[in-house]
Amino acid sequence: MDEQKEYFMREAIKEAEKAGAMGEVPIGAVVVWNGAIIGRGHNEREATNDATTHAEMTAIRQANAYKKNWRLEETEMYVTLEPCPMCCGAIILSRVKKVYYGAPDLKGGTAGTLMNLLQDERFNHQAEVERGLLEEECKALLQNFFRALRKERKLNSRKHLREQIK
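Residues numbered from 1 in each chain as written. Predicted model: local features only at pLDDT ≥ 70, side-chain atom pairs only at ≥ 80, totals over all residues. Heavy atoms only, no water.

### Considerations on the overall build of the protein
The secondary structure content of the protein amounts to five helices and five strands. In sequence order, the protein lays out its α and β elements as α-β-β-α-α-β-α-β-β-α. Referenced to the eigenvectors of the C-alpha coordinate spread, the extents of the protein come out at roughly 65 × 35 × 30 Å. The long-range share in the protein, meaning contacts at least 24 apart out of those at least 6 apart in sequence, stands at 54%. Put simply, the protein shows about 9400 Å² of open surface, and 51% of that area lies on carbon and sulfur atoms. Side-chain charges in the protein split into 26 positive and 25 negative, and the spacing between the mean points of these groups amounts to 7 Å. (Helix = DSSP H or I, 4+ residues; strand = E, 2+ residues; numbered from the N terminus. Contact = heavy atoms within 4.5 Å. Areas by Shrake-Rupley, 256 points an atom, 1.4 Å probe, with all protein chains shown as cover. Lys, Arg positive; Asp, Glu negative; His and termini not counted. Charge placed at Lys NZ, Arg CZ, Asp CG, Glu CD.)

### Topic: the nonpolar core
Of all hydrophobic cores here, the largest spans 44 residues; its most connected members are M9, M77, Y78, I91, V99 and L118. Of all the secondary structure elements, the ones that give two or more residues to this core are α1 (3-21), β1 (28-33), α3 (55-67), β3 (75-81), α4 (85-94), β4 (98-103) and α5 (135-165). For Y78, the residues in contact, after removing those within four places along its chain, are K5, F8, M9, A12, G28, A29, V30, V32, Y100 and L133. (Core = buried A, V, L, I, M, F, W, Y, C linked by side-chain atoms within 4.5 Å. Buried < 20%, exposed > 50% of the residue type's maximum accessible area, 1.4 Å probe, protein only.)

### Some words on the pairing of β1
With five of its six residues buried, β1 lies for the most part within the structure. Here β1 runs beside strand β2 (residues 36-42); their pairing, made up of six bridges, is antiparallel. By the bridge assignment, V31 is partnered in β2 with G39. Following β1, the chain reverses through two residues before pairing antiparallel with β2; N34 in that reversal takes a positive phi of roughly 50°. Pairing between β1 and β3: five bridges, direction antiparallel. Within β3, the position partnered with A29 by the bridge is V79. (Pairing = 2+ DSSP bridges.)

### Some remarks on the sheet that holds β2
In spatial order, the strands read β2-β1-β3-β4-β5; together these five strands make up an open sheet with mixed pairing. Of all strands in the sheet, those bounded by a partner on one side alone are β2 and β5 (128-131). Looking at each pair of strands side by side, their axes are set apart by 15° on average, direction ignored. Of the strands in this sheet, β1, β2 and β3 are in contact with α3, which crosses β2 at around 145°. (Axes fitted to C-alpha atoms, helices over the stretch in contact; angles between N-to-C directions.)

### Some thoughts on the UniProt feature "domain: CMP/dCMP-type deaminase" (unreviewed entry) in the protein
Mapped onto this numbering, the UniProt entry gives "domain: CMP/dCMP-type deaminase" (unreviewed entry) at residues 3-121. The annotated region residues 3-121 carries 39% helix and 22% strand content, and the separation between its end C-alpha atoms amounts to 31 Å. (UniProt positions renumbered as here; feature names shortened; annotations may be inferred.)

### A look at the UniProt feature "binding site: Zn(2+)" (unreviewed entry) in the protein
In the UniProt entry, the feature "binding site: Zn(2+)" (unreviewed entry) is given for H54, C84 and C87. In sequence the annotated residues extend across 34 residues, while in space they remain close, none of their C-alpha pairs exceeding 9.3 Å. Within the fold, C84 resides in the loop between β3 and α4. Take C84: its relative accessible area is 16%, and that puts it in the buried class. Mapped onto the secondary structure, C87 falls in helix α4. Once you skip the residues sitting within four places of it in the chain, C87 turns out to touch H54, E56 and M57.

Next up, the structure:
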């Protein structure tokens, strides 16, 4: 694996870890231009009560502000989970050149799993896609998060039952 790709995906993983520490689904993204990160993001939907604050959307907004332009031509995005339809739309509209993602999203991924919006030639822009970059690490972040969440819910459910019995 290319060292540079691994470095940037690890930066996206750091963003995902920030989300997980906040109790958010651990997904992270970075936007890279000329070898430098110009946008970072992690999921913040619970904290903001805003369905659009996905990691990719936040990273795109930061990159737009950095470039002072809505066009992100010649940029690359690294994201830990395959982008959803909303994020793919933003990637297309902002003209990101290439997307690297870690884990596939079997329920909502639209960069190759359920469909491939990023390479659909009916749109005026297509992005190159590379799948499976540090896939096992990206999957593990999500699996561990949801495993802990299920365990916590189970404990809370038992606690609630004990309180009712008293």
